[in-house]
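What follows is each chain in one-letter form.
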Amino acid sequence: MTRCLSLLLLALLPTLACAEDSAPATAPWTLLDQFDKAYTLDDQAHVLLVARSMSTAKLVNAALETRPAGYLEARHTIYVADIEKMPAIAKAFAVPAMRSARYRILLDQTGRVAPRYAGDRDTVQWLELKNGQVVHEQKFSDAQQLSQALEGLAP
C-alpha cells in the first residue's frame, strides 16, 4: 500500500510542479512599463494589445504615433511588449528609446505574461477583456487596420 502511494506521488510530481509554475491567463499579473512604473491587470481593462516581436511593436507604434498622450489609458487599453527574446544589448538601447512614446508600454522582459495568451510573433494580438477574462480575440498584421480598430474604442 505504501509503495503504491509512493508511486502515485512520484507520478503526480511533474503535474503538480507545472501547475504551480503556469498561471492561468485570467490571474492578475503585474509588469513594469518603460518608466519602471508598475501596472497590475484589473477589471477596468477592456482591451489588451500584445506585440511579441520588433515588427509587431513597430506596427503598434505606427497605429498609435498620431494619437495624443493618454489615448490608450482613456480607452482602458493596455499594451504589452514581449521583449523576452530581445538580446540584452538591444534591450539596453530599445527600452530607453521607448520612453519617447506617448503611450504606456508594459514590458514583459521574462515572458511571464505574454505566453498566457496564445498568440504568434507575426501579428498584434487584440484581446477584449471582461473582468480580466478574454471574451474576444482579433489579430492584426496591418497598421491601418489596427488604427481603425483603435478609433472604434470609446473613451
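Note: the structure precedes this text.
Residues numbered from 1 in each chain as written. Predicted model: local features only at pLDDT ≥ 70, side-chain atom pairs only at ≥ 80, totals over all residues. Heavy atoms only, no water.

Chemist: Explanation requested: the overall build of the protein chain in the structure shown.
Modeler: Each helix and strand counted, the protein chain has five helices and seven strands in total. Starting at the N terminus and ending at the C terminus, the protein chain contains elements arranged as α-β-β-β-α-α-β-α-β-β-β-α. Here the protein chain, with 155 residues, has 38% of them falling under the buried criterion. Nonlocal contacts in the protein chain, meaning residues at least 24 apart in sequence, comprise 72% of its contacts between residues at least 6 apart. About 9,100 Å² of surface is accessible on the protein chain, with carbon and sulfur atoms providing 58% of the total. (Helix = DSSP H or I, 4+ residues; strand = E, 2+ residues; numbered from the N terminus. Buried < 20%, exposed > 50% of the residue type's maximum accessible area, 1.4 Å probe, protein only. Contact = heavy atoms within 4.5 Å. Areas by Shrake-Rupley, 256 points an atom, 1.4 Å probe, with all protein chains shown as cover.)

Chemist: Before we go on, may I ask you to explain unusual backbone geometry in this structure?
Modeler: For residues other than glycine, phi is negative in most cases, and the peptide bonds are mostly trans. You will see that Asp36, though not glycine, has its phi angle at about 65 degrees, which is positive. Along the polypeptide, Asp36 turns up in the loop between strand S1 (30-33) and strand S2 (38-40). In this structure, Asn131 takes a positive phi of about 55 degrees despite not being glycine. Along the polypeptide, Asn131 turns up in the loop between strand S6 (124-130) and strand S7 (133-140).

Chemist: Would you take a moment to explain the pattern of salt bridges for this structure?
Modeler: Inspection of every chain in the model, using the stated rule, returns three salt bridges. Arg104 is the partner of Asp33 in a salt bridge, and the nearest nitrogen-oxygen pair spans 2.8 Å. Remark: Arg104 occurs in the loop between helix H4 (88-98) and strand S5 (106-108) and Asp33 occurs in strand S1; sequence separation between them is 71 residues. With relative accessibility at 4%, the residue Asp33 sits in the buried group. Residue class for Arg104 comes out partly exposed when judged on its relative accessible area of 25%. In this structure, the salt-bridge partner of Glu151 is Arg67, at a minimum N-O distance of 3.7 Å. (Salt bridge = Lys/Arg side-chain N within 4 Å of Asp/Glu carboxyl O.)

Chemist: Explain the side chain of Arg52 here, please?
Modeler: Within the secondary structure, Arg52 sits in the loop between strand S3 (47-51) and helix H2 (54-64). Buried and unpaired, Arg52 has no salt bridge, with Asp82 as the nearest side chain of opposite charge at 4.5 Å. Looking at Arg52, its side chain comes within polar contact range of the main-chain oxygen of Ala114, at 2.6 Å. Among the polar contacts listed, one links the side chain of Arg52 to the side chain of Gln125, at a separation of 2.7 Å. (Lys, Arg positive; Asp, Glu negative; His and termini not counted. Polar contact = N/O pair within 3.5 Å; in protein donor to acceptor, adjacent residues only side chain to side chain.)

Chemist: Is there a simple way to think about helix H5 (residues 143-151) in this case?
Modeler: Helical geometry note: an α-helix holds 3.6 residues per turn, so side chains three or four residues apart project in the same direction. When H5 is considered as a whole, its buried residues turn out to be Leu146, Ser147 and Leu150. Looking down the long axis of H5, one finds its buried residues gathered within 100 degrees of arc, a one-sided arrangement. On its buried side, H5 packs onto S3, H2, helix H3 (71-74), S6 and S7. N-cap assignment for H5: the residue whose side-chain oxygen lies 3.1 Å from the backbone N of Gln144 is Asp142. (Arc of directions from axis to C-beta.)

Chemist: How should the packing of aromatic side chains be read in this particular structure?
Modeler: Centre-to-centre distance and the angle between the planes together describe a pair of aromatic rings. Throughout the structure, instances matching the rule amount to three aromatic pairs. Ring geometry for Tyr79 against Tyr103: centres 6.1 Å apart, planes inclined by 50 degrees, an arrangement best described as tilted. With a gap of 24 residues between them, Tyr79 in strand S4 (residues 77-82) and Tyr103 in the loop between H4 and S5 connect regions that are remote in the sequence. Here Tyr79 falls in the buried class, since its relative accessible area comes to 3%. Residue Tyr103 is classed as buried on the basis of its relative accessible area, which comes to 10%. The positively charged end of Arg75 is found above the aromatic ring belonging to Tyr71, 3.6 Å away from the centroid. (Phe/Tyr/Trp six-rings, centres within 6.5 Å; stacked < 30°, edge-to-face > 60°. Lys NZ or Arg CZ within 6 Å of the ring centre and 35° of its normal.)

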